[in-house]
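These are the residues of each chain, in order.
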Amino acid sequence: PKTGSPHAFVAGYYEQGDGGGGSYYYDASDLTTADDGGAVIVADDGGRWKLILENELSLRQYGAKGDNTTNDVTKFNNWFAALCKYAINGFIPTGDYLLSGENIVMDFGLVGGYIGLRIRGAGESSALFFVKDVSTATAAVTLTSSTPLPTRIDLDGFSFYTDTNGVGLDIGS
């Protein structure tokens, strides 16, 4: 059996103060939820620690570094999936986020119902995504919805750059 406090404050993802921390609680009744790299952490002993979700989920809480050297594509995809799963707003802190090697598909239909979602960045010249080494046959970044349900998405305060000669951003349906 677990002993001690069922709550913990994490001061950072990699190191204290890096913006990737938050308050977590231990969920003793959950034995199956997978570790998603941010909102659910499975400890070495199999216990599930869950982030106390407030108004926004930061990209840094999923381990994105934003140093334009580390490939943040997996961290970005995990973060975006969590935004849809929990129907929570997202925040992109200041950084130069490298998304390399795969096209990014932001499917807002993954929530499975009406969604009103806001993703805000620290500023168009402060929160930057550099999408590199992706297929030129499709857009580097595609915003879409796999369900025909009404969706409202507010995007503000960040920019995408791509090294492809094709479409950088495609807003589809």
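The preceding data block contains the structure.
This structure is a prediction, so every number in the text was calculated from the model and none was measured. (Residues numbered from 1 in each chain as written. Predicted model: local features only at pLDDT ≥ 70, side-chain atom pairs only at ≥ 80, totals over all residues. Heavy atoms only, no water.)

**Quick word on the pattern of salt bridges**
Part 1 of the argument: This structure, assessed with the given rule, holds 4 salt bridges.
Part 2 of the argument: Notably, a salt bridge pairs D30 with K50, separated by 2.7 Å at the nearest N-O pair. Here D30 is found in the loop between strand 2 (22-27) and strand 3 (40-42), whereas its partner K50 is found in strand 4 (residues 48-51), with 20 residues between them in sequence.
Part 3 of the argument: With a relative accessible area of 8%, D30 lands in the buried category.
Part 4 of the argument: Residue K50 is classed as buried on the basis of its relative accessible area, which comes to 15%.
Part 5 of the argument: Across the pair R120 and E56 runs a salt bridge, and its minimum N-O distance is 2.6 Å. Taken as a pair, R120 in strand 10 (residues 115-121) and E56 in strand 5 (residues 56-58) lie far apart in primary sequence, 64 residues in all.
Part 6 of the argument: Assessed through its relative accessible area of 28%, R120 is described here as partly exposed.
Part 7 of the argument: Linked by salt bridges that have partners in common, D27, D30 and K50 make up one network. (Salt bridge = Lys/Arg side-chain N within 4 Å of Asp/Glu carboxyl O. Helix = DSSP H or I, 4+ residues; strand = E, 2+ residues; numbered from the N terminus. Buried < 20%, exposed > 50% of the residue type's maximum accessible area, 1.4 Å probe, protein only.)

**Quick notes on unusual backbone geometry**
Part 1 of the argument: Despite not being glycine, N68 shows a phi value in the positive range, around 60°.
Part 2 of the argument: Structurally, N68 can be placed in strand 6 (residues 67-71).
Part 3 of the argument: When its relative accessible area of 28% is taken as the criterion, N68 is described as partly exposed.
Part 4 of the argument: One non-glycine residue, A87, adopts positive backbone phi at about 50°.

**As for the sheet that holds strand 14 (residues 159-162)**
Part 1 of the argument: Pairing is parallel across the open sheet formed by 4 strands, whose spatial order is 6-8-11-14. The sheet is open, and its two borders are formed by strand 6 and strand 14, each paired with just one other strand. This sheet shows a mean twist of 25° between the axes of neighbouring strands, independent of strand direction.
Part 2 of the argument: In this sheet, strand 14 lies alongside strand 11 (residues 127-132) in parallel orientation, the contact comprising 4 bridges. Paired with L128 across the bridge in strand 14 is S159. (Pairing = 2+ DSSP bridges. Axes fitted to C-alpha atoms, helices over the stretch in contact; angles between N-to-C directions.)

**Things to note about the layout of surface pockets**
Part 1 of the argument: Computed from the structure, the largest pocket encloses a volume of approximately 160 Å³.
Part 2 of the argument: In this structure, the largest pocket is lined by G21, G22, S23, L51, I52, L53, E54, N55, E56, L57 and Q61.
Part 3 of the argument: Mapped onto the lining of the largest pocket, the elements with two or more residues apiece are strand 2 and strand 5.
Part 4 of the argument: Classifying every residue of the lining of the largest pocket by side-chain character gives 4 nonpolar, 5 polar and 2 charged. (1 Å grid on protein atoms, 1.4 Å probe; cavity = no way out; pocket = protein on both sides within 12 Å on 5 of 7 lines; lining within 4 Å. Points joined across faces, edges and corners; volume = space filled by probe spheres on them. Nonpolar A, V, L, I, M, F, W, Y, C, P; charged D, E, K, R; others polar.)

**Quick notes on the nonpolar core**
Part 1 of the argument: Membership of the largest hydrophobic core comes to 31 residues, with the highest contact counts inside it found for W79, I92, M106 and I119.
Part 2 of the argument: Elements with a minimum of two residues in this core: helix 1 (73-86), strand 8 (95-100), strand 9 (104-107), strand 10, strand 11 and strand 12 (141-144).
Part 3 of the argument: Ranked by residues supplied to this core, first place goes to helix 1 with 7 residues. (Core = buried A, V, L, I, M, F, W, Y, C linked by side-chain atoms within 4.5 Å.)

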